Amino acid sequence: MSRDSFSNRFGVVAAAAGSAIGLGNIWRFPYLCGENGGGAFLLAYLFCIILIGLPIMLAEFSIGRSAQRNAYRSFKVLSPQRPWYLIGVMGIIASFTIMSFYSAVGGWTIEYVIRSVTNTLAGDHNEMFNTFIAGTYTPIAYQFGFLALSLGVVIFGVSKGIEKSTKILMPALFVLLIILCIRSLTLEGAKEGLIFVLKPDFSNLSGNSILDALGQAFFSLSIGMGCMITYGSYIKRKEDLTYTANVIVLASIVVAVLASIVIFPAASALNIEVDAAGPGLVFKTLPGMFALMPGGIIFATLFFILLCIAALTSAISLIEVVVTFCVEEMQIKRGIATALVAVSMFLLGILCSLSLGMMPQLGLFGLGFFDLMDFMSANIFLPLGGFFIAIYMGWALKKRITVKELTSDGSIKFSLLRVFFFLIRYIVPVAILIVFISGFLRL
Ligand code: TRP
């Protein structure tokens, strides 16, 4: 079967960056950082993303490009008669759990786009967000809208849909974040927030926080569940995988840091308790800042539209993993597969929205359903997937195959090959295990 492939270098980088950059950087990172004490969490996240995330992203790209298949089939092709394909299976489960809450938050961004456009963003923003979420039906309707939008893009196929939108919108988001940073930093009382996020206070960092940082590193790079294996299979042979991965990691870090420099100073200026705000942090903080900007409505509209689109380009990558699986492994037609996948994600997603709305008792282990899906996806499934991907690449896959991919068949020099193998064989798996254990023991 012929597979779509991205048309040029920028196409691949844009698509993979579009997957990586999303709500994870702008919504999830700041709220976790707020809950976990600020600067020390940022450092832990940087540590995890560079030492653990980057090698795993390279591993995923190599596996996908070498096998030229979806996440599940790649393992079957490279290592027939071995159970490694279970990594792909776990990835499919993770797609569903992630999308269940991701689509809920995606829906929130649509609500806030509409509020910005209709100029109904004024008032007590804490109250506004809580009332909206507790309304249950409205958030579910928006969640449906968000999934319908993602569905539309996925149906048009890989290179066309994803590539086109990302190229213009990512740079736009970046520029807007810089403008918002400037406004936020010039607010009265901004300094405290800036210190909070830039000055590490390690007494705030528990084993649990480090697990959160690790999970966030995986989440924000879209790794640990085969998404980047699927994208890797679309990357042309001559492309430099290391370059691509470096750009994505850097972009992801920059966006998360910029988002924090917008949110924390604004929060301190507006007297918002960042450790108690939870998943609503961005939605409670930014409207207050927009109100203090000349042309605030325009900035608010632009921001929420771009956030929504960034969320869409990530959501499509998650849906794509499952759709590709259905099309290539189960011979289901693309359109039908996409619809089926979106409907099942919606059903699971309704439970997430319900747990924040009229059914707070919905959940397990003392976590509401929304938090449970969030926690299981980022803190369990992804690191576990990453652990096995590292073990697979380091110990099971022939070294020759990896070297071939990382050097694009010998045409590119990859001087850090030894470092890479050392990381992927020893450091990555051991670090994941340690963080896992200390997180569960809540050290
Ligand atoms: N990385 C995206 C974000 O930060 C979310 C995402 C897309 C993702 N695809 C993924 C997370 C695959 C984990 C795995 O918003």
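Let us look at the structure shown here. From a predicted model like this one, the values you see are computed outputs, not experimental measurements.

**Some points on the packing of helix α3 (residues 39–67) against helix α18 (residues 417–441)**
Across the interface, α3 lies against α18 with an axial gap of 10 Å and an inter-helix angle of 125°. Looking at the two axes, α3 sits oblique to α18. Every pair of crossing elements has a handedness; the one defined by α3 and α18 is left-handed. On α18, the residues touching Leu-51, Ile-52, Pro-55, Ile-56, Leu-58 and Ala-59 of α3 are Phe-420, Leu-423, Ile-424, Ile-427, Val-428, Ala-431 and Ile-432. Looking at the contact of α3 with α18 residue by residue, the classes come out as 13 nonpolar, no polar and no charged.

**A word on helix α14 (residues 296–330)**
Given a rise of 1.5 Å per residue, 35 residues ought to cover 51 Å, and the 49 Å separating the end C-alpha atoms of α14 matches this to within 8%. At Glu-320, α14 is deflected by roughly 25°, the largest bend along its length. Counting buried positions along α14 yields 27 of 35 residues, so the element is predominantly enclosed.

**Comments concerning the site of the ligand**
Around the ligand lies a shell of 17 residues, among which Ala-20, Gly-24, Tyr-102, Phe-219 and Ser-222 are the nearest. Here Phe-219 contributes a backbone N or O atom positioned 2.7 Å from a nitrogen atom of the ligand. If the ligand stood free it would expose 360 Å²; the protein chains cover 100% of that surface. Going through the elements one at a time, α1 (9–20), α2 (23–35), α5 (86–117), α10 (207–221) and α14 are the ones with two or more residues in the shell around the ligand. For the shell around the ligand, a count of residues per class yields nine nonpolar, eight polar and no charged.

**Things to note about the pattern of salt bridges**
Taken as a whole and assessed by the stated rule, the structure comprises six salt bridges. The closest approach of N and O atoms between Arg-28 and Asp-374, which form a salt bridge, is 2.6 Å. In this pair, Arg-28 is assigned in helix α2 and Asp-374 in helix α16 (residues 369–396), connecting sequence segments 346 residues apart. When sorted by exposure, Arg-28 lands in the same class as Asp-374, which is buried. Connected via shared salt-bridge partners are Arg-65, Arg-237 and Glu-405.

**Some points on the packing of aromatic side chains**
In the structure shown here, the tally under the stated rule is 31 aromatic pairs. Ring geometry for Phe-422 against Tyr-426: centres 5.5 Å apart, planes inclined by 45°, an arrangement best described as tilted. In this pair, Phe-422 and Tyr-426 are both assigned in helix α18, four residues apart and thus about one turn of the helix distant. Against the face of Phe-219 rests Arg-28, its NZ or CZ located 4.9 Å from the ring centre. The side chain of Lys-76 reaches across the aromatic face of Tyr-85, ending 4.4 Å from its centre.

Calculation rules
Residues numbered from 1 in each chain as written. Predicted model: local features only at pLDDT ≥ 70, side-chain atom pairs only at ≥ 80, totals over all residues. Heavy atoms only, no water. Axes fitted to C-alpha atoms, helices over the stretch in contact; angles between N-to-C directions. Helix = DSSP H or I, 4+ residues; strand = E, 2+ residues; numbered from the N terminus. Parallel < 35°, antiparallel > 145°, perpendicular 65-115°, else oblique. Left-handed = near helix turned anticlockwise from the far one by under 90°. Contact = heavy atoms within 4.5 Å. Nonpolar A, V, L, I, M, F, W, Y, C, P; charged D, E, K, R; others polar. Expected span 1.5 Å × (residues − 1). Bend = angle between axes of the 7 residues up to and from the residue. Buried < 20%, exposed > 50% of the residue type's maximum accessible area, 1.4 Å probe, protein only. Near = heavy atom within 4 Å. Polar contact = N/O pair within 3.5 Å; in protein donor to acceptor, adjacent residues only side chain to side chain. Areas by Shrake-Rupley, 256 points an atom, 1.4 Å probe, with all protein chains shown as cover. Salt bridge = Lys/Arg side-chain N within 4 Å of Asp/Glu carboxyl O. Phe/Tyr/Trp six-rings, centres within 6.5 Å; stacked < 30°, edge-to-face > 60°. Lys NZ or Arg CZ within 6 Å of the ring centre and 35° of its normal.

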